[in-house]
There are 4 protein chains.
Amino acid sequence: MTEAQVSGTQGSGGPRIRPNIIRIAHTVFTVRNLEASRAFYVDLLGMNVLHEESGALYLRGVEDREWTLKLEQQVSPRVRHLAYRVAGEADLDALVALAEQQGLPWRWEEELDRPRVLRLQDPFGLPLAFYHQSGTHRWLLQDYHLHRGPGLQRVDHVNVMVPDVERTMRWYLDELGFRLSEYTVDEQERYWAAWIQRRGGVHDLALTNGPGPRLHHWAYWMPDITSIIRTCDILAGARQPERIERGPGRHGVSNAFFLYIRDPDGHRIELYTSDYLTVDPDFEPIRWLRDDPRRQTLWGARTPRSWFEEASELEAFDGGAVPAVEGDLTGIPAHVI
Amino acid sequence: MTEAQVSGTQGSGGPRIRPNIIRIAHTVFTVRNLEASRAFYVDLLGMNVLHEESGALYLRGVEDREWTLKLEQQVSPRVRHLAYRVAGEADLDALVALAEQQGLPWRWEEELDRPRVLRLQDPFGLPLAFYHQSGTHRWLLQDYHLHRGPGLQRVDHVNVMVPDVERTMRWYLDELGFRLSEYTVDEQERYWAAWIQRRGGVHDLALTNGPGPRLHHWAYWMPDITSIIRTCDILAGARQPERIERGPGRHGVSNAFFLYIRDPDGHRIELYTSDYLTVDPDFEPIRWLRDDPRRQTLWGARTPRSWFEEASELEAFDGGAVPAVEGDLTGIPAHVI
Amino acid sequence: MTEAQVSGTQGSGGPRIRPNIIRIAHTVFTVRNLEASRAFYVDLLGMNVLHEESGALYLRGVEDREWTLKLEQQVSPRVRHLAYRVAGEADLDALVALAEQQGLPWRWEEELDRPRVLRLQDPFGLPLAFYHQSGTHRWLLQDYHLHRGPGLQRVDHVNVMVPDVERTMRWYLDELGFRLSEYTVDEQERYWAAWIQRRGGVHDLALTNGPGPRLHHWAYWMPDITSIIRTCDILAGARQPERIERGPGRHGVSNAFFLYIRDPDGHRIELYTSDYLTVDPDFEPIRWLRDDPRRQTLWGARTPRSWFEEASELEAFDGGAVPAVEGDLTGIPAHVI
Amino acid sequence: MTEAQVSGTQGSGGPRIRPNIIRIAHTVFTVRNLEASRAFYVDLLGMNVLHEESGALYLRGVEDREWTLKLEQQVSPRVRHLAYRVAGEADLDALVALAEQQGLPWRWEEELDRPRVLRLQDPFGLPLAFYHQSGTHRWLLQDYHLHRGPGLQRVDHVNVMVPDVERTMRWYLDELGFRLSEYTVDEQERYWAAWIQRRGGVHDLALTNGPGPRLHHWAYWMPDITSIIRTCDILAGARQPERIERGPGRHGVSNAFFLYIRDPDGHRIELYTSDYLTVDPDFEPIRWLRDDPRRQTLWGARTPRSWFEEASELEAFDGGAVPAVEGDLTGIPAHVI
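Residues numbered from 1 in each chain as written. Chains lettered and ligands numbered in written order. Predicted model: local features only at pLDDT ≥ 70, side-chain atom pairs only at ≥ 80, totals over all residues. Heavy atoms only, no water.

### Points about the overall build of chain A
Within chain A, the secondary structure is distributed over 6 helices and 19 strands. In terms of C-alpha radius of gyration, chain A reaches 19 Å, essentially the compact-globule figure of 20 Å for 337 residues. Relative to its full complement of 337 residues, chain A shows a buried share of 67%. Restricting the contact set of chain A to residue pairs at least 6 apart, pairs at least 24 apart contribute 68%. Of the roughly 11,100 Å² of accessible surface on chain A, 48% is carried by carbon and sulfur atoms. Across chain A, 38 positive and 49 negative side-chain charges occur, with their mean positions spaced 3 Å apart. (Helix = DSSP H or I, 4+ residues; strand = E, 2+ residues; numbered from the N terminus. Rg over C-alpha atoms; globule rule 2.2 N^0.38 Å. Buried < 20%, exposed > 50% of the residue type's maximum accessible area, 1.4 Å probe, protein only. Contact = heavy atoms within 4.5 Å. Areas by Shrake-Rupley, 256 points an atom, 1.4 Å probe, with all protein chains shown as cover. Lys, Arg positive; Asp, Glu negative; His and termini not counted. Charge placed at Lys NZ, Arg CZ, Asp CG, Glu CD.)

Structure, rendered in structure tokens:
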């Protein structure tokens, strides 16, 4: 199944095999109170507990055959890493070669169901992980009688804030073979945000301007608009309307219907449905102006300031938090509440 | 709140106060295996258990402030009675007067939360009950985090098979003040079915031709089409697709989106949403021809034979089952599977 | 069909027949540019043009058998009157008697399809109209191939801003037989808003505190949440996101899913679906605190200031605009954008 | 963008470059009455007319940037070819090499917007076409005010009846790089049907057992379940319920929500939404037994006989119709109406 790809984009040392990344796959959140997180993710959002250990929960959506969100009790709420699945073991070797060539920190780690995880820091400080082999489990997709809450379906994408969107994007396009779907520029044509993908959808990874690197949000695909509306009703029913940060609404970028919610530690989750395909060879990336009122919410709704300012700390390669730095672009878009 | 109504439709003995019936309100099903019924109504359909006694469950939808379906363990699956709520105690007296005048069997009974229930047999053998006073309970409408399964909302209507639709209908219109919404005639203009109402919707009571009297179905209002689709998915997920008898589809009559399912004893439940209002003083009943393919399902789908032939036994006034008799009209409509 | 009702709530001059009001029925908006209004109501919202005259359009939803919104080209955008349908001609006479007794201005008028309209000013300056006889037309409910845009279904309610909610509410309850569904009080238990009804739903008429009397909004029932989402998409597609003022969201009051939009003259339209029934004799009105964040939008979303401040002028009995006066309660609720 | 792939699955003549097929892309239907077809596809289904010529219409869904269905007036209703888009011009050359090696008929053709179309007959008589270069057009995805009818979104897949499912499937897997998602076997483990894909969804191509080769159906992706329900309502509203052949329902295979309709010439269209992703390297094809009642419709609904028996003729390489031949498997599954 692995498709060998010859990368011709860099001069150094002859052609190198470009790793074949399949898709964004899992994340690990550290949380301060695992029971509070369970109440949010399991009791209200209805995520399925695939495994449970002392101090950790492994969660998934109904289409996921693997765990896609690990919650781990720790003193500080952080994001341990963002993991991508690759097509074969050879792709992990190609990633090691890339790390060696570029002097990026890397090591082998292990996670439950994932015996060989390559932990690698990208040049911008993002804590990446890659794995091929995975223990998979019977999905719940057609076990509708076991679905709970709004029925989160599968991991969809991750969004990170970085101080230099364009430089970060170039590395993912050139070195990891991502393709650009949509992007936002300011009035000087500087990149404000970019949506890039491996899987043929709108994005596996979004990069947005801001002090970073930090996690902006982790997103799940939902079966339909109604299930997103139901999430709002459930949170309101539980007298936790403050967990709803933005939406529901229709994005201009991606055309998806969306909702942003915050977990008890402030980690932001997006529920997302109904975007479009990008598989065509002549797909032309869509360009938006930063202050177009239809860009963020097609309906023109304003975005709360917290959405631009707050994000989760990332765990550094040697422990502690990756320090967030400011970039050259400052300010936030117009159309803020 | 009670509105005194002077009935001028009969000659006997001067004007009589016509009872003010508010709406169809509850039923009592006897079932052979209460745990099997609980698995169906509570675990799969998500109905709320308002009360539980040895041998009985009292269920409701999320908008119901009272129990609307009582399940009682018995040797034979039957329908004990069909209960309507009336505007005041005086309306119960008016009903007693009617029973006395027409020689209909009646007595006072008691149910949980309902201390004064008038049990009355209509002239066609249907076991009716009427009550005014009721213990009500905090509804679950906005406790969305407590909703389970597809979220049945409130009792909507009851449908009975009777051997003489027209004569039965006339009695409910003349004596109980029902109003006609829609009706079906055969090619000789004989009434095949009638939908009659008190509450301003399409129907509290439907009468359909067939050996009877028997209960054809008991119906709950659903919040939307999606929740009806979800019911199908849940039953299929639980490997009980055979509980789905007909639909989902759009009725020609009533314009409602519907699904018919059968409980473990064969009692038929309809899930129903999205009909229309009938409050206008000049509302003209809608006439359908029996063999119009758009009548039963607007989309022309054929109806399974069981839907025309099978129905629940009713409990007689003195115990046992009301015997079902054939009427003059025989056969079933075209457009059957 | 008319049910005579003896009013026992006032002392003056013996019992009086209380008029039987069926439901809110139509309004007449004056607009400055009929073609701009047509583009909004017909081309985007998909309302059906039942009649067209020089300078006027008569619109309806797909369930309406009558026109329910008349647009008339005039210099100033106003609301000519708010019309209720009554059960019979005798109810119009009862309303005339009420006007005579209370010294309220009244006269007979005529509208297309409505030969005998009683125009009556209520004690608070609201321009009311009442009619019984109406030319009705074949509805479009099941002509789905003729539905356009999001498919507005039927008139649902009207909402007016008045300086004294409690006194206004009392008059409608006592004189016109309205019943209270929900109400909002401030911290001194003064009425801030009230939802009152005749039809068995949550409201035909809502009263909210503010300088007035003015029209806050005119509302249509929608078939489902999806059709409300579609309205947002259509307005955004047409590059008119600024027409969307508030929502979509779930109301705490009424539990309805809603959207507020503004027409080219600023008249506010609510699209509304999925509330509950209020027909029970012991229905207890629901009480909300003014600053409960779940009251206006169950999900806690904040409301734009314009929604509290802007409203349409009403036409006075003798022409011109009804002057808006301030009440004793000032300020707007917390939870404003 | 083209990814060179070395095929190692055949022994003949050293490694051959395997063509990189992106996705199923368009079809051409011949129809007897173009105006009747326009009434169906444009007026009722709301497809967008991208181009119009004398005797031909070029249609697309709202996400399509190209035409995806061409209708051409002819004496006989047939399917001219089934076209796939490839990653680059080199992939067309690789396909010519394959045709030469296997002795398959091929030639260059031209279509509007598609200057270089490779017409190729597969070994089983299916009329294939492949193209890389295509004139693309601004999509209508976010022009919601221009959407009509239920809003068909994009081409999704094609389904053909063939007499030997397994042999046909093997050729597509081995020569064209398709991957297997789901399959059905009879009680002797013989392949009854197979769903195979290139794009990372459930299928670009489905193969089902029956006399053939014939076109079983051509499918469009829909935005949601509601839009599929709306299609039924629209066809019923237009008094054409007979155009609805099967559904709506939930497939067991693919988990998609579906509807099958027939155009005026009997060509079958599926409207389809909500399946799942198959991009993972260890995705294991899902196996179904032919007579599992949940396979075809998860809810257990029976399938009309016409759905198994009727299909569209395919155009032969040299004109006329490809003759349909019977295979070794006969009969149709249980669970038929």
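### Some words on helix α3 (residues 165-176) of chain B
All names here are of chain B. Between its first and last C-alpha atoms α3 spans 16 Å; for 12 residues at 1.5 Å apiece the expected length is 16 Å, and the two agree. Among all positions of α3, only Val165, Thr168, Met169, Trp171, Tyr172, Leu173, Glu175 and Leu176 are buried. Directly beyond the C-terminal end of α3, a positive phi value near 75° is found at Gly177. (Expected span 1.5 Å × (residues − 1).)

### Let's talk about the pairing of strand β11 (residues 154-162) of chain B
Residue and element names in this part refer to chain B. Burial within β11 is extensive, with 9 of its 9 residues counted as buried. With 5 bridges joining them, β11 and strand β14 (residues 205-209) adopt parallel strand pairing. Residue pairing across strands places Val160 opposite Leu207, the latter belonging to β14. (Pairing = 2+ DSSP bridges.)

### Side note on the sheet that holds strand β15 (residues 214-221) of chain D
Strand pairing in a sheet takes place through backbone hydrogen bonds and is either antiparallel or parallel in direction. Residues and elements named next belong to chain D. The strand order β16-β17-β18-β15-β11-β14-β13-β12-β19 describes an open sheet built from 9 strands, whose pairing is mixed. Among the strands making up the open sheet, the edge pair consists of β16 (244-250) and β19 (286-289). On average, each strand axis in the sheet is tilted by 15° relative to the strand beside it, whichever way the strands run. Taken together, the 4 bridges between strand β13 (residues 191-197) and strand β14 (residues 205-209) define a ladder with antiparallel strand orientation. Paired with Ile196 across the two strands is Leu205, which belongs to β14. Contacting β16, β17 (257-262) and β18 (268-273), helix α4 (residues 225-237) runs over the sheet at an angle of about 25° to β17. (Axes fitted to C-alpha atoms, helices over the stretch in contact; angles between N-to-C directions.)

### Some points on the domain arrangement of chain A
All names here are of chain A. Here the domain parsing of chain A yields domain 1 (15-131) and domain 2 (152-309). For domain 1 and domain 2, the distance between their C-alpha centroids amounts to 19 Å. Contacts between the two partners involve 44 residues from domain 1 and, on the opposite side, 40 residues from domain 2. For the pair domain 1 and domain 2, the summed buried area comes to about 3,500 Å², and 67% of that belongs to carbon and sulfur atoms. Here domain 1 is connected to domain 2 by 2 salt bridges. (Domains from an automatic or database assignment. Buried area = accessible area lost by both parts, 1.4 Å probe. Salt bridge = Lys/Arg side-chain N within 4 Å of Asp/Glu carboxyl O.)

### Topic: the pairing of strand β8 (residues 106-111) of chain A
All names here are of chain A. Two elements, β8 and strand β9 (residues 114-121), share 5 bridges in a ladder whose sense is antiparallel. Of the residues in β9, the one forming a bridge with Arg107 is Arg119. In this antiparallel pair of consecutive strands, β8 and β9, the connection spans 2 residues, and Asp113 shows a positive phi of 75°.

### Considering unusual backbone geometry
Residue Gly212 of chain A is joined to Pro213 of chain A through a cis peptide bond whose omega torsion reads 10°. Omega for the peptide link from Gly247 of chain B to Pro248 of chain B comes to 5°, which places this bond in the cis form. Tracing the backbone shows Pro248 of chain B in strand β16 (residues 244-250). Although it is not a glycine, Asp113 of chain A adopts a positive phi angle of roughly 75°. The backbone phi angle of Glu189 of chain B is positive, close to 65°, even though this residue is not glycine. Mapped onto the elements of the fold, Glu189 of chain B is located in the loop between β12 (179-185) and β13 (191-197).

### Topic: the relation of the copies chain D and chain A
Between chain D and chain A, which share one sequence, the superposing operator has a rotation angle of 180° and an axial displacement of 0.0 Å; the RMSD is 0.0 Å. What the rotation and shift describe, once combined, is the action of a two-fold rotation axis. Taking C-alpha positions as the reference, the residue of chain D nearest the rotation axis is Asp224 of chain D, at 3.3 Å. Comparing contact sets, 100% of the residues at the interface of chain D also lie at the interface in chain A, consistent with an isologous, same-surface contact. (Least-squares fit on C-alpha atoms with pLDDT ≥ 70 in both.)

### Considering the interface of chain B and chain D
Taken together, the contact pairs 18 residues of chain B with 18 residues of chain D. Around 1,600 Å² of area is buried between chain B and chain D when both sides are counted, 65% of it from carbon and sulfur atoms. Remark: the boundary between chain B and chain D carries 2 salt bridges. With its nearest N and O atoms 2.6 Å apart, the salt bridge here joins Asp233 of chain B to Arg250 of chain D. Listed by contribution, the elements that provide at least two residues to the side of chain B that touches chain D are α4 (225-237) and β16 of chain B. Broken down by element, the residue count for the side of chain B that touches chain D peaks at 6 residues, all from α4 of chain B.

### Observations regarding the UniProt feature "domain: VOC" (unreviewed entry) in chain A
Residue and element names in this part refer to chain A. Taking the numbering used here, the UniProt-annotated feature "domain: VOC" (unreviewed entry) corresponds to residues 23-133 and 154-274. The span residues 23-133 shows a helical share of 23% and a strand share of 47%, and its end C-alpha atoms are spaced 14 Å apart. Counted over residues 154-274, helix gives 21% and strand 45%. Its end C-alpha atoms are 13 Å apart. (UniProt positions renumbered as here; feature names shortened; annotations may be inferred.)

### Details of the interface of chain D and chain A
Each partner contributes residues to the interface: chain D has 40 residues there, and chain A has 40 residues. Summed over the shared surface of chain D and chain A, the result is 6 salt bridges. Across the pair Arg85 of chain D and Asp280 of chain A runs a salt bridge whose closest N-O atoms are separated by 3.3 Å. The interface formed by chain D and chain A includes 16 residue pairs in polar contact (both at pLDDT 80 or more). Of all the elements in the fold, those that place two or more residues in the side of chain D that touches chain A are β3 (21-31), β7 (79-86) and β19 of chain D. (Polar contact = N/O pair within 3.5 Å; in protein donor to acceptor, adjacent residues only side chain to side chain.)

### As for the pattern of salt bridges
The tally for this structure, following the rule as stated, stands at 124 salt bridges over all chains. In this structure, Arg85 of chain D and Asp282 of chain A form a salt bridge, with 2.6 Å as the shortest nitrogen-oxygen distance. One end of the pair, Arg85 of chain D, is in strand β7; the other, Asp282 of chain A, is in the loop between β18 (268-273) and β19 (286-289), on a second chain. Take Arg85 of chain D: its relative accessible area is 1%, and that puts it in the buried class. Asp282 of chain A gets classed as partly exposed once you look at its relative accessible area, which sits at 28%. Its salt-bridge partner being Glu52 of chain C, residue Arg38 of chain C comes within 2.6 Å of it at the nearest N-O pair.

### Some thoughts on the sheet that holds strand β7 (residues 79-86) of chain C
Residues and elements named next belong to chain C. In space, the 8 strands of this open sheet follow the order β4-β5-β6-β3-β7-β10-β9-β8, with mixed pairing throughout. With one partner strand each, in any of the chains shown, β4 (48-53) and β8 (106-111) form the two edges of the open sheet. Across the sheet, the mean angle from the axis of one strand to that of its neighbour is 25°, orientation sign disregarded. Of the pairings in the sheet, the one linking β7 to strand β10 (residues 127-131) comprises 4 bridges and is parallel in character. Each residue of the ladder has a partner; that of Tyr84, found in β10, is Phe130. This element, helix α2 (residues 89-102), spans β7, β8, β9 (114-121) and β10 of the sheet and lies at about 25° to β9.

### Observations regarding helix α4 (residues 225-237) of chain A
Owing to its 3.6 residues per turn, the α-helix aligns residues three or four sequence positions apart on the same side. Residue and element names in this part refer to chain A. The terminal C-alpha atoms of α4, which comprises 13 residues, lie 18 Å apart, in line with the 18 Å expected from a rise of 1.5 Å per residue. The buried count for α4 comes to 12 of 13 residues, which makes it a mostly enclosed element. In the segment just after α4, Arg239 is the residue with positive phi, at about 60°.

### Examining the relation of the copies chain B and chain D
Relating one copy of the chain to the other requires a rotation about an axis plus a shift along that axis. Rotating chain B by 180° about the axis while translating it 0.0 Å along that axis superimposes it on chain D, leaving an RMSD of 0.0 Å. An overlap of 100% is found between the interface residues of chain B and their copies at the interface of chain D, pointing to a shared contact surface.

### What to know about the confidence of the model for chain A
Looking at chain A as a whole, the pLDDT averages 94, with 95% of positions reaching at least 70. In the predicted structure, residues 1-13 of chain A sits below a pLDDT of 50 and forms 28 contacts with residues beyond four places in sequence or in another chain. (pLDDT = per-residue confidence, 0-100.)

### Details of the packing of aromatic side chains
Each aromatic ring pair is specified by the distance between its two centres and by the angle formed by the two planes. By the definition in use, this model includes 64 aromatic pairs over all chains. Judged by centre distance (5.1 Å) and plane angle (85°), the ring pair of Trp171 of chain A and Tyr172 of chain A falls under edge-to-face. Here Tyr172 of chain A falls in the buried class, since its relative accessible area comes to 0%. Seen in terms of ring centroids, Tyr84 of chain C and Phe178 of chain C are 5.9 Å apart; in terms of plane orientation they differ by 85°. Their pairing is edge-to-face. Within this pair, whereas Tyr84 of chain C is found in strand β7, its partner Phe178 of chain C is found in the loop between α3 (165-176) and β12 (179-185), the two being separated by 94 residues in sequence. Accessibility assignment for this pair places Tyr84 of chain C and Phe178 of chain C in one class, buried. These aromatic residues form a ring-pair network of at least three members: Tyr84, Phe124, Phe130, Trp171, Tyr172 and Phe178 of chain A. The ring of Phe317 of chain D is capped by Arg107 of chain D, whose NZ or CZ atom sits 4.1 Å from the centre of that ring. (Phe/Tyr/Trp six-rings, centres within 6.5 Å; stacked < 30°, edge-to-face > 60°. Lys NZ or Arg CZ within 6 Å of the ring centre and 35° of its normal.)

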